[in-house]
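Understanding the architecture of this molecule
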Amino acid sequence: MTRKVISLAEIRDGSLRNVSLEAIAAAKTIAQGGEVVAVLVGESVQSHANELIAHGADRVVVVEHAQLKAYTPDGYGQALMAVVEAEKPEGIVFGHTALGKDLSPKLATKLNAGLVSDVVAIEEKDGELLFTRPIYSGKAFEKKVVNDGLIFITVRPNNIPALSRDDARTGEVTTLSVDIKDLRTIVKEIVRKTAEGVDLSEAKVIVAGGRGVKSEDGFKPLQELADVLGGAVGASRGACDAGYCDYSLQIGQTGKVVTPDLYIACGISGAIQHLAGMSNSKVIVAINKDPEANIFKVADYGIVGDLFEVVPLLTEEFKKLKVHS
Amino acid sequence: MNIFVLMKRTFDTEEKIVINNGKVNEEGAEFIINPYDEYAIEEAIQVRDKVGGEVTVVTVGNEDAEKELRTALAMGCDKAVLINLEDDVEESDQFTTAKVLAEYLKDKEPHLILAGNVAIDGGSGQVGPRVAELLGIPYVTTITKLDINGDKATVVRDVEGDEEVIEASLPLLVTAQQGLNEPRYPSLPGIMKAKKKPLDEVELDDLDLDEDDVVAKTKTVEIFLPPKKEAGKILQGELTDQVKELVTLLRTEAKVI
């Protein structure tokens, strides 16, 4: 059965988010040969349309409005409802991002639909689509089906691979004019606290620190290593509770759940609640003074040693590698 | 002010997950108030203490959740409501839960509804925004600060580590993010008082809902554990050599660099 599926594209720091390209790939799987329509919403976003087509979208619908510059559930809700009414999709895919998590339940409720959030894999079995998603923050997984009607999912970053870019692909780009009004929540100010570029949930490499980091300053060598690898810095609850870093960096069952290609755990003992947030990373490196630390049980590679000796050495090694390549 | 908190009973974060006959084994497991809901409860109590009013904590579940409701009362909530679906609903999802909660809340004239931004078991984060949408009120998710001034609220929202300062009018639903506050422990006098506070039980019939109105839109067909990881390789030798070996392994064996 072919389906028409729309996927929402998100822009961060002037670029399309990688998860938006992954959402197109997920939409293609759900569409089963049907049309995939990417949706761009914002104040001035049309320039990104061709990249969406190059990554697999058959068509792009652009909704631009001054009131859509900052995300609000009401503004984006009105924009998406207009797109749904115009396109009448049988499937919808969002990224499981701050925006996707905030907006998808509202839209699903408006459409009287179910919603499978945080999907990490999609498979077809006997003509039915099964959606795999983590439960208990990754301590277990469930496979879900949509009973009937609209298939609406959000996809977790870094799990469903995007289709490779093909600039020869062509597709129609249309604009949809929408009246955005009566916003009940107003964004007064956006305070940038994270570093430009790499977001923890989408980072391919994460260097995380635990109690062993010992202070706020102790995160500096970790940041340097992350910078060399183009990655982001994360933390365990222990490090956050001790006040070494902001709670927004926390990885674990309370905190973020991440699945990077490479996770480097520095001075993290490996409490169950932390492991839940990172143990599905592709490759895990543990650096810890205590050879009995739990973290070594989930690590692919371990170094028993002081992180303040090991991390700078690693940074140097990776720097050398960069110079040579 | 009429304040409601949406609470869920969840597995303790330190619990291991065991699967028996395709279901997560709950026998002998420790249960807690979902940690994000604890922030919501704490914030609700603080708002009430500042502006006056009443805090009602509501959960959808079965009788087992009475323990967690009593804990919320011991923290300082005024009333508790258990919406017990055990006899009426076999399979539920976030659509079901939100529908039931909204139906309960719709004639209660809530000014402020608080919930955790996500439950650490199901992890969908859907119920809060769904309830707001069904009630026709605005919402702000993952908040780290809440100031109420008359019928206006100024909220700080965590957006993947960045902050948005948002203004909204009441009635409003907010979902709590870590960092919003430090949830208190129930005090001994609090625990004694909680025993006498009202804990009402409500069933589907009491809400003018039929089973058909709340039929789940999605269904879980399989639950499984992630593949067990083989113990990894602990490197040996001089530290500088270990680091060199690690970089080589990451390039050639793991191929992630």
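Residues numbered from 1 in each chain as written. Chains lettered and ligands numbered in written order. Predicted model: local features only at pLDDT ≥ 70, side-chain atom pairs only at ≥ 80, totals over all residues. Heavy atoms only, no water.

1. Considering the overall build of chain A
Rules: The way it works is that DSSP assigns letters per residue, a run of H or I at least four long becomes a helix, a run of E at least two long becomes a strand, and they are numbered from the N terminus. Radius of gyration means the value over C-alpha atoms here, while the globule rule gives 2.2 Å times the residue count to the 0.38 power. When a residue's accessible area, from a 1.4 Å probe over protein chains only, is under 20% of the maximum for its type it is buried; when over 50% it is exposed; and in between it is partly exposed. Any pair of residues with heavy atoms lying within 4.5 Å of one another is described as a contacting pair. Areas reported as accessible are Shrake-Rupley estimates using a 1.4 Å probe. Residue values count occlusion only from the protein chains shown.
The number of helices and strands found in chain A is 9 helices and 18 strands. Taken over C-alpha atoms, the radius of gyration comes to 21 Å for chain A, in line with the 20 Å a tight globule of 325 residues would show. When the backbone C-alpha atoms are referred to their principal axes, chain A occupies close to 60 × 45 × 45 Å. The burial tally for chain A puts 61% of its 325 residues in the buried class. For chain A, long-range pairs separated by at least 24 residues make up 64% of all intrachain contacts whose partners lie at least 6 apart in sequence. Within the structure as shown, chain A displays about 12,200 Å² of accessible surface, and the carbon and sulfur contribution to it stands at 47%.

2. Some points on the sheet that holds strand S15 (residues 233-234) of chain B
Our working rule: Only strands that DSSP links by at least two bridges are regarded as paired with each other. Axis definition: a line fitted to C-alpha atoms, over the contacting stretch in the case of helices. Angles run 0 to 180 degrees between N-to-C directions.
The strand order across the open sheet formed by 6 strands is S15(A)-S14(A)-S16(A)-S17(A)-S18(A)-S15(B), and the pairing between neighbours is parallel. At either margin of the open sheet sits one strand with a lone partner, and together these are strand S15 (232-235) of chain A together with S15 of chain B. Here 5 bridges tie strand S16 (residues 262-266) of chain A to strand S17 (residues 283-288) of chain A, and the two strands are oriented parallel to one another. Looking at S17(A), one finds that A:Leu262 is bridged to A:Val283. The strands that helix H5 (residues 220-229) of chain A touches are strand S14 (205-209), S15 and S16 of chain A; relative to S14(A), the one it contacts most, it runs at about 175°. Running over the sheet, helix H6 (residues 239-252) of chain B touches S16, S17 and strand S18 (301-304) of chain A together with S15 of chain B and is turned about 170° from S18(A).

3. Points about the domain arrangement of chain B
The test is simple: These domain boundaries are the output of an automatic or database domain assignment.
The assigned domain composition of chain B is domain 1 (2-214) and domain 2 (229-257). Placing a centre on the C-alpha atoms of domain 1 of chain B and another on those of domain 2 of chain B gives a separation of 46 Å.

4. Overview of the interface of chain A and chain B
The test is simple: Note on definitions: buried area is the accessible-area loss of two parts on being combined, 1.4 Å probe, summed for both. We count a salt bridge whenever a side-chain nitrogen from Lys or Arg sits within 4 Å of a carboxyl oxygen from Asp or Glu. N or O atoms closer than or at 3.5 Å make up a polar contact, with two conditions inside protein: a donor-capable atom paired with an acceptor-capable one, and, for residues adjacent in sequence, both atoms drawn from side chains.
On the chain B side, the residues contacting the 86 residues of chain A number 77 residues. Carbon and sulfur atoms supply 57% of the area buried between chain A and chain B, which totals about 7,000 Å² over both sides. When residues of chain A are sorted by the area they lose upon contact with chain B, A:Tyr136, A:Arg184 and A:Tyr301 head the list and together hold 10% of the total. Taken together, the links from chain A to chain B amount to 9 salt bridges. In this structure, B:Arg157 engages A:Asp102 in a salt bridge whose closest nitrogen and oxygen atoms are separated by 3.6 Å. Linking chain A with chain B are 41 residue pairs in polar contact (both at pLDDT 80 or more), by the criterion used here. The greatest single-element share of the side of chain A that touches chain B, amounting to 9 residues, is contributed by helix H4 (residues 98-110) of chain A. Of the pairings in the sheet, the one linking S18(A) to S15(B) comprises 2 bridges and is parallel in character. Bridge pairing links A:Gly302 to B:Ile234 in S15(B).

5. Side note on the nonpolar core
Definition in use: Here the nonpolar core consists of buried residues drawn from Ala, Val, Leu, Ile, Met, Phe, Trp, Tyr and Cys, with membership extended through side-chain atoms lying within 4.5 Å.
Among the nonpolar cores identified, the biggest contains 42 residues, and B:Ile41, B:Val57, B:Leu112, B:Leu114, B:Leu146 and B:Leu172 are the most heavily contacted of them. Looking at which element gives the most residues to this core, the answer is helix H1 (residues 35-51) of chain B, with 7 residues. Every residue in contact with B:Leu172, bar those within four places of it in the chain, is listed here: B:His111, B:Leu112, B:Ile113, B:Ile137, B:Pro138, B:Tyr139, B:Val140, B:Ala153 and B:Val155. One finds A:Leu229, A:Ile303, B:Leu246 and B:Leu249 within the second-largest nonpolar core, a separate group that totals 36 residues.

6. Section: the pairing of strand S11 (residues 162-169) of chain B
Across a regular strand the side chains alternate sides, sitting on one face of the sheet and then on the other. Two strands pair when backbone bridges link them, and strand S13 (residues 185-191) of chain A and S11(B) are joined in this way by 6 bridges, in the antiparallel orientation. Each residue of the ladder has a partner; that of A:Ile186, found in S11(B), is B:Glu167. In the sheet, strand S10 (residues 152-159) of chain B pairs with S11(B) via 8 bridges, with the strands oriented antiparallel. Each bridged residue has a counterpart across the sheet, and for B:Ala153 the counterpart in S11(B) is B:Ala168. Hairpin geometry of S10(B) and S11(B) is characterised by an intervening segment of 2 residues between the two adjacent antiparallel strands and by a positive phi of about 50° at B:Glu160.

7. Considering the sheet that holds strand S7 (residues 79-84) of chain B
Across the sheet, 10 strands lie side by side as S13(A)-S11(B)-S10(B)-S9(B)-S12(B)-S8(B)-S1(B)-S6(B)-S7(B)-S13(B); this open sheet has mixed pairing. Looking at which strands have only one partner, the edges of the open sheet turn out to be S13 of chain A together with strand S13 (199-202) of chain B. Pairwise comparison of adjacent strand axes, ignoring direction, gives a mean angle of 30° for this sheet. In this structure, strand S1 (residues 2-7) of chain B lies alongside strand S8 (residues 112-116) of chain B, joined through 4 bridges in parallel fashion. Each residue of the ladder has a partner; that of B:Leu6, found in S8(B), is B:Ala115.

8. What about the environment of B:Val81?
All names here are of chain B. Relative to the helices and strands, Val81 resides in strand S7. The sequence separation of Val81 and Val58 amounts to 23 residues, and the corresponding C-alpha distance is 4.7 Å. Excluding anything up to four places from it in sequence, Val81 contacts Thr56, Val57, Val58, Thr59, Leu69, Tyr104, Asp200 and Val202.

9. Some details on the packing of helix H3 (residues 94-105) of chain B against helix H4 (residues 127-135) of chain B
Residues and elements named next belong to chain B. Counted only if it meets this: Every angle not falling under 35 degrees, over 145, or within 65 to 115 is termed oblique; those three ranges are roughly parallel, roughly antiparallel and roughly perpendicular. By definition, turning the near helix anticlockwise from the far helix through less than a right angle yields a left-handed crossing, and turning it clockwise yields a right-handed one.
Orientation of H3 relative to H4, taken along the N-to-C sense of each, is 45°, at an axis distance of 9 Å. Here H3 is positioned oblique relative to H4, judged by the angle of their axes. The hand of the H3/H4 crossing is right-handed. Contacts between H3 and H4 involve Gln94, Phe95, Thr97, Ala98, Lys99, Leu101, Ala102 and Leu105 from the first element and Val127, Arg130, Val131, Leu134 and Leu135 from the second.

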